[in-house]
Amino acid sequence: MNKISKVIAIIMVLFLSVGLVGCNAVEEATKAFDEMMAAFKSGEKEKIFEYYNFEEESKIIDDMVSDEFYSVVLSTLSKMDYKIKNTEKIDGSTVKFTVDLTTIDFSKVMELYINKIMEMVASPEYQARVSSMTKEEYQKELTDKMVEVIESPDMTTKENQVELTMNKVNGTWYPGPEKDEFIKSVFSSLMDAVNSLV
């Protein structure tokens, strides 16, 4: 009877240990996921580039507009919101997330922005000074118009439900193989907006 009790006790300890490992995995992965989302919401290029480097788009934009304009556009990511709907532990080093993601509708941003630029370009005041404007003055005009759009009460959002696994590698959690699709949900309309400026 004592032997049976010991076997049962050992089994229970093993079971609880596995359960605790599973809980720790979910907690660790969730913390890493939240840190990644905080980097996106910061709107800071350096932090975002740790997870996603849109270098080619950056080169194009850097040639056209100022760093201030770039920062203004990225700052809209602070308006992004998300809610983790479900977590599923695949194993001790893989956790799958289902997330409701709300982002700025950049198609609306660009619609409003282009309208403002067209109004500006058509104005007699702009036409009278465009030939003498410096690159910096032109870039400031673009930035000011984008700020007007972003601060507009007409701004709308869009919602997506997305999935992403977080994988633990050498003690650190990283976005898994769905990373590109997940990042696309965060950034695709932003990159469309960027590319439409070219």
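Residues numbered from 1 in each chain as written. Predicted model: local features only at pLDDT ≥ 70, side-chain atom pairs only at ≥ 80, totals over all residues. Heavy atoms only, no water.

### Examining the pairing of strand E1 (residues 81-91)
Thinking step 1. When E1 meets strand E2 (residues 94-104), the two strands line up antiparallel, connected through nine bridges. Across the sheet, the residue bridging to Asn 86 is Thr 98, located in E2.
Thinking step 2. Connecting E1 to the next strand, E2, in antiparallel fashion are two residues. (Pairing = 2+ DSSP bridges. Helix = DSSP H or I, 4+ residues; strand = E, 2+ residues; numbered from the N terminus.)

### Remarks on the environment of Asp 180
Thinking step 1. By secondary structure assignment, the location of Asp 180 is in helix H8 (residues 179-195).
Thinking step 2. Spatially, the C-alpha atom of Asp 180 lies 8.7 Å from that of Tyr 52, the residues being 128 residues apart in sequence.

### Some words on helix H7 (residues 135-150)
Thinking step 1. Its 16 residues give H7 an end-to-end C-alpha distance of 23 Å, which sits within 8% of 22 Å, the value for a rise of 1.5 Å per residue.
Thinking step 2. The set of residues buried in H7 consists of Gln 139, Glu 141, Leu 142, Thr 143, Lys 145, Met 146, Val 149 and Ile 150. (Expected span 1.5 Å × (residues − 1). Buried < 20%, exposed > 50% of the residue type's maximum accessible area, 1.4 Å probe, protein only.)

### Quick word on the confidence of the model for the chain
Thinking step 1. This prediction gives the chain a mean pLDDT of 79; 76% of its residues lie at or above 70.
Thinking step 2. Highest mean pLDDT in the chain belongs to E1 (94); lowest belongs to helix H3 (residues 55-64) (51).
Thinking step 3. Contacts for the low-pLDDT stretch residues 7-22, under 50 throughout, to residues beyond four places or in other chains number one contact. (pLDDT = per-residue confidence, 0-100. Contact = heavy atoms within 4.5 Å.)

### Side note on the pairing of strand E3 (residues 157-169)
Thinking step 1. Looking at chain direction, E2 and E3 are connected through 11 bridges and run antiparallel. Bridge pairing links Thr 94 to Asn 167 in E3.
Thinking step 2. Across four bridges, the pairing between E3 and strand E4 (residues 172-175) is antiparallel. Bridged to Val 169 within E4 is Thr 172.

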